[in-house]
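# Chain and residue survey
What follows is each chain in one-letter form.
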Amino acid sequence: GIQVEQSPPDLILQEGANSTLRCNFSDSVNNLQWFHQNPWGQLINLFYIPSGTKQNGRLSATTVATERYSLLYISSSQTTDSGVYFCAVTTSGTYKYIFGTGTRLKVLA
Amino acid sequence: GAGVSQTPSNKVTEKGKYVELRCDPISGHTALYWYRQSLGQGPEFLIYFQGTGAADDSGLPNDRFFAVRPEGSVSTLKIQRTERGDSAVYLCASSLTAGVGEQFFGPGTRLTVL
């Protein structure tokens, strides 16, 4: 089955810093989402982005489907950005999301 | 409601008991998904429904697990003869229709089997 790898696995930032999270996948995908799982466990939708570029405030994302990767950019990080970031994909003929390995982010005040 | 809701938020049970976990999807969403998340891992797919029928149950770990969605809205995940290894957070998600667009997740039910 498809493999979804995220990097880095862990990231510690000072408040105000910028970061780039990466998601590599081993096969073509139909759907791709980025989620933030907050410390209370809630999965929050950040982007639905099977291809192209989107921006929402301090966050933006780019998916290059032909090269099988997606990037999530966080600018001017805040302590509330702390948590785990997951990308998740579906492949052709299936509708179940396969989640990546996650990036655990901690933003220090 | 505005989002996906799940009840209970926490469930503690003893090994061997039967449990039911409930999911209320976003109104109008025809697709509903169940995932399980163990500590330190990403969510893993269990089963999904398009309408009332289970379209893909390939993620159910064994026949102790069963899910229903009799009227195409609320779904119940049922676990028989619970085992300590079933302890996890059970997440429900819904989407407008299967395979298209975003899935929206509920807050989860944390199941602890003693």
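Residues numbered from 1 in each chain as written. Chains lettered and ligands numbered in written order. Predicted model: local features only at pLDDT ≥ 70, side-chain atom pairs only at ≥ 80, totals over all residues. Heavy atoms only, no water.

## Quick notes on the overall build of chain B
When helices and strands are tallied, chain B shows 0 helices and 11 strands. What you see for chain B is a C-alpha radius of gyration of 13 Å, in line with the 13 Å of a compact globule of 114 residues. Its C-alpha atoms give chain B principal-axis dimensions of about 35 × 25 × 25 Å. By the burial criterion, 46% of the 114 residues in chain B qualify as buried. Counting only contacts in chain B whose residues sit at least 6 apart along the sequence, the fraction spanning at least 24 positions is 55%. When the accessible area of chain B is evaluated, it comes to approximately 5400 Å², of which 49% is carbon and sulfur surface. Each charge sign in chain B was given a centre, from 11 positive and 11 negative side chains, and these centres are 8 Å apart. (Helix = DSSP H or I, 4+ residues; strand = E, 2+ residues; numbered from the N terminus. Rg over C-alpha atoms; globule rule 2.2 N^0.38 Å. Buried < 20%, exposed > 50% of the residue type's maximum accessible area, 1.4 Å probe, protein only. Contact = heavy atoms within 4.5 Å. Areas by Shrake-Rupley, 256 points an atom, 1.4 Å probe, with all protein chains shown as cover. Lys, Arg positive; Asp, Glu negative; His and termini not counted. Charge placed at Lys NZ, Arg CZ, Asp CG, Glu CD.)

## A word on the side chain of B:Gln103
Tracing the backbone through its elements, the reader meets B:Gln103 in the loop between β9 (88-95) and β10 (104-105). Of note is the side chain of B:Gln103, whose polar atom sits 3.2 Å from the backbone oxygen of A:Tyr95. Looking at B:Gln103, its side chain comes within polar contact range of the side chain of B:Tyr35, at 2.8 Å. Not counting the four nearest positions on each side in its chain, B:Gln103 is found in contact with A:Gln33, A:Phe35, A:Asn45, A:Tyr95, A:Tyr97, B:Tyr33, B:Tyr35, B:Ala93, B:Ser94 and B:Ser95. (Polar contact = N/O pair within 3.5 Å; in protein donor to acceptor, adjacent residues only side chain to side chain.)

## Comments concerning the packing of aromatic side chains
Throughout the structure, instances matching the rule amount to 12 aromatic pairs over all chains. Ring centres of A:Phe99 and B:Tyr35 lie 5.8 Å apart, and the angle between their planes is 80°; on these two criteria the pair is classed as edge-to-face. Residue A:Phe99 is located in strand β10 (residues 98-99), and its partner B:Tyr35 is located in strand β4 (residues 31-37); the two belong to separate chains. Taking relative accessible area as the criterion, A:Phe99 reaches 10% and is therefore assigned buried. Through a chain of ring-to-ring contacts, the aromatic side chains of A:Phe35, A:Phe86, A:Tyr95, A:Tyr97, A:Phe99, B:Tyr33, B:Tyr35, B:Phe45, B:Tyr48 and B:Phe105 assemble into a single cluster. For A:Arg22, the ring lying beneath its charged end belongs to A:Tyr69, and the centroid distance is 4.2 Å. (Phe/Tyr/Trp six-rings, centres within 6.5 Å; stacked < 30°, edge-to-face > 60°. Lys NZ or Arg CZ within 6 Å of the ring centre and 35° of its normal.)

## Quick word on the sheet that holds strand β8 (residues 75-79) of chain B
Residues and elements named next belong to chain B. Pairing in this open sheet of 4 strands is antiparallel, and the strands run β1-β3-β8-β7 from one edge to the other. Edge positions in the open sheet fall to β1 (5-7) and β7 (65-68), since each of these has one partner strand only. When the angles between neighbouring strand axes are averaged without regard to direction, this sheet yields 15°. Two strands pair when backbone bridges link them, and strand β3 (residues 19-24) and β8 are joined in this way by 5 bridges, in the antiparallel orientation. Among the inter-strand pairings, Arg-22 is bridged to a residue of β8, identified as Thr-76. (Pairing = 2+ DSSP bridges. Axes fitted to C-alpha atoms, helices over the stretch in contact; angles between N-to-C directions.)

## What to know about the environment of B:Gly101
Here B:Gly101 shows up in the loop between β9 and β10. Distance in space between the C-alpha atoms of B:Gly101 and B:Glu14 is 39 Å, their sequence separation being 87 residues. Residues within four places of B:Gly101 in sequence aside, it is in contact with A:Asn31, A:Gln33, A:Tyr48 and A:Tyr97.

## Structural notes on the interface of chain B and chain A
In this complex, chain B contributes 21 residues to the contact, which on the side of chain A involves 13 residues. Interface area, chain B with chain A, both sides summed: about 1500 Å², of which 54% is carbon and sulfur. The tally of links from chain B across to chain A stands at 0 salt bridges. Run the count over chain B and chain A and you get 8 residue pairs in polar contact (both at pLDDT 80 or more). Contributing elements (two or more residues each) for the side of chain B that touches chain A: β4, β5 (44-50) and β10 of chain B. In the side of chain B that touches chain A, the residues fall into 11 nonpolar, 8 polar and 2 charged. (Buried area = accessible area lost by both parts, 1.4 Å probe. Salt bridge = Lys/Arg side-chain N within 4 Å of Asp/Glu carboxyl O. Nonpolar A, V, L, I, M, F, W, Y, C, P; charged D, E, K, R; others polar.)

## Side note on the side chain of A:Thr90
Within the fold, A:Thr90 resides in strand β9 (residues 83-90). A:Thr90 has contacts with A:Val29, A:Asn30, A:Asn31, A:Tyr95, A:Lys96 and A:Tyr97, leaving out every residue within four places of it along the chain.

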